[in-house]
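# Structural description and commentary
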Amino acid sequence: MDVSYISNAHPAYIESLYQDYKKDPTSIDGEWKRFFEGFDLAVSLYSSEGASVSPDELKVWSLIQAYRMRGHLISKTNPIRERKDRKANLELHHFGLSEKHLSQTFLAGKELGLTEPTLGNILARLKKIYCGSIGFEYGYISNTEKYNWLKTRIEKDGGEVHLPLEKKKRILTKLNESAVLEKFLHTKYIGQKRFSLEGGESTIPALDAIIQKAAELGVQEIIIGMAHRGRLNVLANIMGKTYKQIFSEFEGNLPADLTMGDGDVKYHLGYSSQIKTLNDKIVHLKLVPNPSHLEAVNPVVEGFARAKADIVYGSDIDLIFPLLIHGDASLAGQGVVYETIQMSQLEGYTTGGTLHFVINNQIGFTTDFDDARSSNYCTSVAAVIEAPVFHVNGDDVEAVVYAVELATEYRQHFNTDVFVDMVCYRKYGHNEGDEPRFTQPKLYSIIANHPSPREIYVKKLVEAGSIEAELAKKMDKEFWKMLQDRLNEVKQQPLPYEYQEPELAWKSLRRSRPEDFEKSPDTYISKEVMDKVLNGIITYPPDFKPLQKVKKLLDQQRTMIEEGVLDWALGELLAYGSILLEGKDIRMSGQDIRRGTFSHRHAIIRDEDTSAPYNRLAHLDPQQGKFRIYNSLLSEFGVLGFEFGYSMASPNTLTIWEAQFGDFANGAQTIIDQFIAPSESKWQRMSGLVLLLPHGYEGQGPEHSSGRLERFLQLSAEFNMIVANCTTPANFFHLLRRQLAWPFRKPLVVMTPKSLLRHPKCVSPKEEFLKGGFREILDDTYADARKVKKVLLCSGKIYYDLQELQERDKRKDIAIIRLEQLYPLNYKTLDAITDKYHKAKFIWVQEEPSNMGAWVYMLSCYRKVPLDVISRKNSASPATGYQKVHFEEQQRIIEQAFA
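Here the structure is a predicted model, which is why all the values come from computation and not from measurement.

Before going further, it helps to spend a moment on the overall build of the protein chain. From N to C terminus, the protein chain includes 31 helices and 26 strands. Relative to the globule expectation of 29 Å for 899 residues, the C-alpha radius of gyration of the protein chain, 32 Å, shows essentially globular dimensions. Viewed in the frame of its principal axes, the protein chain has a C-alpha envelope of about 105 × 75 × 50 Å. For the protein chain, buried positions account for 60% of its 899 residues. The contacts of the protein chain with a sequence gap of at least 6 include a subset with a gap of at least 24, amounting to 80%. Approximately 36100 Å² of the protein chain is accessible, and the part contributed by carbon and sulfur atoms is 51%. Distance between charge centroids for the protein chain: 3 Å, based on 112 positive and 118 negative side chains.

Here it is as structure tokens:
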């Protein structure tokens with residue numbers, strides 16, 4: 001709902017519209033219609049008491065609605081400076097009213113629960129509800145049930161927050177814990193980076209309240225994603241990480257067997273714990289590791305939460321609760337926030353709503369918010385999905401707790417996103433060694449003299465009455481004792497933890513060893529399994545009528561199966577089907593993935609008459625695993641992050657993301673660089689995520705040729721992932737099955753084909769699926785080893801172009817060797833091949849320009865024999881945009897290879 005239409009409209013115009021509405025409700029705009037319906041409802045409810053309806057009633061109703069929609073613009077949410085004038089236009093004259101109306105009684109005021117609804121009382125109530133420490137932004141919600149639920153909850157207490165003494169004690173306890181940690185670290189590690197929470201300490205009682213309320217409403221697990229600020233405080237005071245563990249990380253003396261790699265800075269690390277709430281509910285907490293690309297963790301958290309829902313909680317989204325903690329500058333500035341928001345209500349990506357908690361420091365690094373965004377709020381992206389936002393003053397900790405509890409209830413009730421924007425400040429600079437006065441001298445002179453939320457709350461309790469004052473005094477003593485205990489390193493007990501089934505599955509795996517990559521395990525299947533899968537995927541219900549083109553394709557596949565050969569699509573589907581029959585689940589997503597960008601997969605087919613979908617891999621056996629496949633939104637960053645998060649939840653689900661074209665992975669490079677490539681090294685987290693990147697030079701131009709193979713090879717080290725470029729359906733089949741056959745997990749990046757999907761020679765006989773496993777390097781089967789003078793090393797599609805000329809010209813003196821797996825390179829097999837052709841000259845042949853593809857990688861890592869290269873020339877762009885030039889370049893490469 002556009003919030004400006006009421007207060008910007010002239011009262012006479014509103015009256016005129018109302019008369020039109022009375023004559024014909026359908027004759028006016030829908031938003032105005034809703035406005036007048038609300039007015040009529042209020043009048044009908046209260047006019048029966050005998051009060052008269054004055055001509056000014058509509059004006060007062062307009063005023064009430066305007067406060068509901070725009071009161072947040074003047075609410076007292078900023079603890080350290082005056083609110084910027086956002087032109088709320090809530091003065092009486094905007095509604096055709098004046099001070100002379102203040103003593104008059106208006107029926108509309110009864111809507112607010114007033115027994116004496118004079119305009120003066122109405123105004124006072126509106127200001128108390130909508131202009132106090134919480135600014136409620138929900139007027140744009142078009143769903144009537146959601147809107148009325150919020151309106152009723154917000155207005156029923158008349159702007160008052162009444163908490164029992166026990167809750168006040170809990171709040172002060174969490175504030176004390178928050179302050180103790182910061183004082184402890186500031187004393188022990190002066191000037192060290194810790195991204196202090198000081199100024200935003202109300203975060204800790206807020207998160208505690210979310211957990212308590214969520215558990216009360218049935219939540220069993222909360223997945224948390226957050227940036228740096230306050231992370232150590234959250235780890236200690238929410239997750240239960242001991243001071244000793246945090247102390248060890250500051251000292252950098254963690255045992256090597258715990259780090260399992262290079263590690264990362266302490267304010268990036270993740271953590272898992274299990275806590276008991278005040279109501280004796282057990283809640284699992286997961287804090288997901290996060291790099292300095294702050295909001296990149298958002299889709300990872302969502303994917304992790306969705307996987308836990310699917311795998312652990314029977315897809316019951318009420319039992320799992322994603323909680324994202326944002327900074328204001330990153331929330332407003334980073335596009336992945338928008339991508340994640342757009343995913344939130346889609347079938348393949350919904351997690352039942354996320355609570356977004358913003359630690360709004362009003363500054364990003366050194367940049368003031370006026371330079372950081374164009375929108376009124378850092379949370380304005382919430383309006384995209386009509387998520388309500390509660391802006392709250394971080395110094396009013398009781399209001400903060402009220403806001404987060406309301407938000408938690410909203411999420412559980414409606415299973416949609418909700419935002420809490422806690423406006424606070426940052427006591428120090430971006431980090432503790434930074435000087436904020438360089439850029440914000442005035443602001444930081446105010447902050448220097450501003451009391452902390454804890455000090456403010458203690459004072460409030462003292463002023464509230466003798467009981468609260470006694471509580472504050474007692475807990476102040478406990479605060480200082482707690483601080484001294486920490487400084488004296490009094491031992492803390494770690495929380496007990498019970499591993500969930502998927503976590504036990506992860507624990508049963510081991511880390512990889514160099515010898516694991518010398519020979520792949522056997523991944524063949526039995527003939528019975530093959531027949532069951534192949535028959536299953538070409539069979540559909542008798543009352544199902546596939547599209548004619550799809551029916552033709554299925555008939556062709558049936559013929560191929562009878563002839564004993566499988567093309568790429570059949571080999572791929574056979575891999576999935578055989579995994580499903582082992583009782584393991586598969587999740588796939590990507591743009592147009594159900595049919596495949598190049599119409600080869602057709603995992604889901606549709607009825608020609610009804611458009612009803614039929615999942616070809618969902619009906620193989622009653623006991624099979626689940627095959628989940630979703631067409632994604634047009635996002636790479638967000639979706640790949642989601643799938644990475646999904647892959648972390650369980651090692652026994654094959655998780656796959658397919659790019660529409662390989663170079664679309666460019667848009668997800670942050671996820672690849674920050675999560676996929678270094679995850680095991682930085683965070684000790686394995687992932688078996690598969691990336692399918694269509695790659696090959698076929699004259700489609702620079703945007704649709706290269707999957708940027710060179711980038712993945714550059715990121716490869718310490719056996720962190722697999723980079724492959726297969727040429728046969730059988731080898732691709734074994735490669736996919738190997739993902740779950742290994743006693744460890746590795747991300748897999750595959751340069752998949754485009755034209756080879758229908759190339760007559762890109763087929764494999766059935767026998768190759770019934771024996772052996774993945775072959776990292778394929779030797780030549782045509783050349784005569786005794787006559788070979790030249791060996792062409794290559795990878796991927798170009799093999800078929802080279803093979804065509806080799807066989808056409810009967811070149812037995814040239815061998816073509818295919819590297820099906822580029823990283824880790826199988827040195828043992830490659831050495832055996834170079835020994836076999838020891839008299840030959842070795843040349844690397846690739847389609848890509850010489851500064852791209854695998855050439856530079858091969859040159860740097862394999863030095864047993866001298867290598868020359870045949871390729872396109874160095875280029876700034878991956879490929880030419882002219883098809884004629886492409887064919888000339890391609891022909892030149894092939895002819896040069898055989899010259």
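A few words on the confidence of the model for the protein chain. Residue-level pLDDT values for the protein chain average 90, and 93% of them are 70 or greater. Scored below 50 in pLDDT, residues 254–268 shows 34 contacts in the model against residues more than four places distant or in partner chains.

With six of six residues buried, strand 6 (residues 355–360) is to be regarded as a mostly interior element. Because side chains alternate across strand 6, one face comprises the buried residues L355, F357 and I359, and the other comprises H356, V358 and N360, equally buried. Inspection of the sheet shows strand 5 (residues 320–327) paired to strand 6 by five bridges, in the parallel sense. By the bridge assignment for strand 6, L324 is matched with H356.

A few words on the packing of aromatic side chains. Two descriptors summarise a pair of aromatic rings, namely the distance from one centre to the other and the angle between the planes of the rings. By the definition in use, this model includes 24 aromatic pairs. Arranged with centres 6.3 Å apart and planes meeting at 85°, the rings of Y130 and F136 form a pair that is edge-to-face. Pair check on accessibility: Y130 and F136 agree, each one buried. Centroid distance Y497 to Y499: 5.2 Å. Interplanar angle 80°. Geometry classified as edge-to-face. Relative accessible area serves as the criterion here: at 24%, Y497 is assigned to the partly exposed category.

As a further point, take the side chain of S705. Positionally, S705 belongs in the loop between strand 17 (690–694) and helix 26 (709–714). The buried category is assigned to S705, whose relative accessible area is 2%. At a separation of 2.7 Å, a polar atom in the side chain of S705 contacts the main-chain carbonyl oxygen of G701. Dropping the residues within four chain positions of it, S705 is found in contact with D663, H695, G696, Y697, Q700, K754 and A879.

Taking 1.5 Å of rise per residue, 13 residues should cover 18 Å, and helix 27 (residues 729–741) covers 18 Å from first to last C-alpha, within 8% of that figure. Within the sequence span of helix 27, burial applies to P729, A730, N731, F732, F733, H734, L735, L736, R737, R738, Q739 and L740.

One way to put it is that helix 6 (residues 144–156) packs onto helix 15 (residues 397–414) with a least axis distance of 12 Å and a crossing angle of 150°. As judged from the angle between their axes, helix 6 and helix 15 are roughly antiparallel. Handedness of the helix 6/helix 15 crossing: right-handed. Residues E145, K146, W149, L150, R153 and I154 of helix 6 form the contact with helix 15, whose own contacting residues are Y402, L406, E409, Y410, H413 and F414. Split into classes, the residues belonging to the contact of helix 6 with helix 15 amount to seven nonpolar, one polar and four charged.

Our next topic: the sheet that holds strand 4 (residues 282–287). What the eight strands build is an open sheet, ordered 1-9-10-6-5-2-4-3; its pairing is mixed. Looking at strand neighbours, the two that pair on one side only are strand 1 (134–137) and strand 3 (271–276), the edges of this open sheet. The mean angle between the axes of side-by-side strands here comes to 20°, regardless of whether they run parallel or antiparallel. As judged from the four bridges shared by strand 2 (residues 221–226) and strand 4, these two strands associate in the parallel manner. Across the sheet, I223 pairs through a bridge with K286, a residue of strand 4.

What follows covers the sheet that holds strand 16 (residues 653–658). Spatially, the seven strands line up as an open sheet ordered 15-12-16-17-19-18-24, and their pairing is mixed. In this open sheet, the two edge strands, each paired with only one partner strand, are strand 15 (627–631) and strand 24 (821–823). Ignoring strand direction, the axes of neighbouring strands in this sheet form an average angle of 20°. Where strand 18 (residues 722–724) and strand 24 come together, two bridges link them in antiparallel fashion. Looking at the pairing, A724 lines up with Q821 of strand 24. Contacting strand 12 (585–590), strand 15, strand 16 and strand 17, helix 23 (residues 637–649) crosses the sheet at an angle of about 170° to strand 16.

With that settled, the discussion passes to the nonpolar core. Of all hydrophobic cores here, the largest spans 122 residues; its most connected members are F36, I222, L323, F357 and F390. For this core, the element with the most residues is helix 15, which contributes 11 residues. Residues within four places of F36 in sequence aside, it is in contact with I14, L17, Y18, Y21, I28 and L58.

So, on to unusual backbone geometry. Following Y823, the chain continues into P824 via a peptide bond in cis, with omega recorded as -10°. Position of P824 among the secondary structure elements: in the loop between strand 24 and helix 29 (827–836). For Q684, which is not a glycine, the phi torsion comes out positive at approximately 55°. With respect to the element layout, Q684 can be found in the loop between helix 25 (679–683) and strand 17. Residue classification places Q684 among the partly exposed residues on the basis of a relative accessible area of 22%. With phi around 50°, K810 is a residue other than glycine that occupies positive phi space. You can see K810 is positioned in the loop between helix 28 (798–808) and strand 23 (814–819).

Another aspect to go through is the pattern of salt bridges. The final tally for this structure, using the stated rule, is 54 salt bridges. Here K59 ties to D56 by a salt bridge, and the two come within 3.2 Å at their closest N and O atoms. Given the relative accessible area of 24%, K59 is considered partly exposed. Taking relative accessible area as the criterion, D56 reaches 15% and is therefore assigned buried. Among the salt bridges present, the one from E221 reaches K286, with a minimum N-O distance of 3.5 Å. Taken together, the positions of E221 in strand 2 and K286 in strand 4 put the pair 65 residues apart, joining distant regions of the chain. The same class applies to E221 and to K286, which are both buried. Salt bridges linked by common partners bring R68, E111, K151 and E155 together as one network.

A few words on the packing of helix 2 (residues 11–23) against helix 4 (residues 57–70). Closest axis-to-axis distance for the helix 2/helix 4 pair is 10 Å, and the angle between their directions is 105°. Relative to helix 4, the element helix 2 is oriented roughly perpendicular. From helix 2, P11, I14, E15 and Y18 reach across to helix 4, where they touch L58, K59 and S62. For the contact of helix 2 with helix 4, the residue count by class is four nonpolar, one polar and two charged.

Further remarks concern the state of the cysteines. Per the stated rule, a full pass over the model turns up zero disulfides. With no disulfide of its own, C378 lies closest to C424 among cysteine sulfurs, the gap being 10 Å. Judged by its relative accessible area of 3%, C378 falls in the buried class. In this structure C794 is a free cysteine whose sulfur lies 13 Å from that of C726, the closest cysteine sulfur available. Overall, C794 belongs to the buried group, its relative accessible area being 0%.

Conventions we followed
- Residues numbered from 1 in each chain as written.
- Predicted model: local features only at pLDDT ≥ 70, side-chain atom pairs only at ≥ 80, totals over all residues.
- Heavy atoms only, no water.
- Helix = DSSP H or I, 4+ residues; strand = E, 2+ residues; numbered from the N terminus.
- Rg over C-alpha atoms; globule rule 2.2 N^0.38 Å.
- Buried < 20%, exposed > 50% of the residue type's maximum accessible area, 1.4 Å probe, protein only.
- Contact = heavy atoms within 4.5 Å.
- Areas by Shrake-Rupley, 256 points an atom, 1.4 Å probe, with all protein chains shown as cover.
- Lys, Arg positive; Asp, Glu negative; His and termini not counted.
- Charge placed at Lys NZ, Arg CZ, Asp CG, Glu CD.
- pLDDT = per-residue confidence, 0-100.
- Pairing = 2+ DSSP bridges.
- Phe/Tyr/Trp six-rings, centres within 6.5 Å; stacked < 30°, edge-to-face > 60°.
- Polar contact = N/O pair within 3.5 Å; in protein donor to acceptor, adjacent residues only side chain to side chain.
- Expected span 1.5 Å × (residues − 1).
- Axes fitted to C-alpha atoms, helices over the stretch in contact; angles between N-to-C directions.
- Parallel < 35°, antiparallel > 145°, perpendicular 65-115°, else oblique.
- Left-handed = near helix turned anticlockwise from the far one by under 90°.
- Nonpolar A, V, L, I, M, F, W, Y, C, P; charged D, E, K, R; others polar.
- Core = buried A, V, L, I, M, F, W, Y, C linked by side-chain atoms within 4.5 Å.
- Salt bridge = Lys/Arg side-chain N within 4 Å of Asp/Glu carboxyl O.
- Disulfide = S-S within 2.5 Å.

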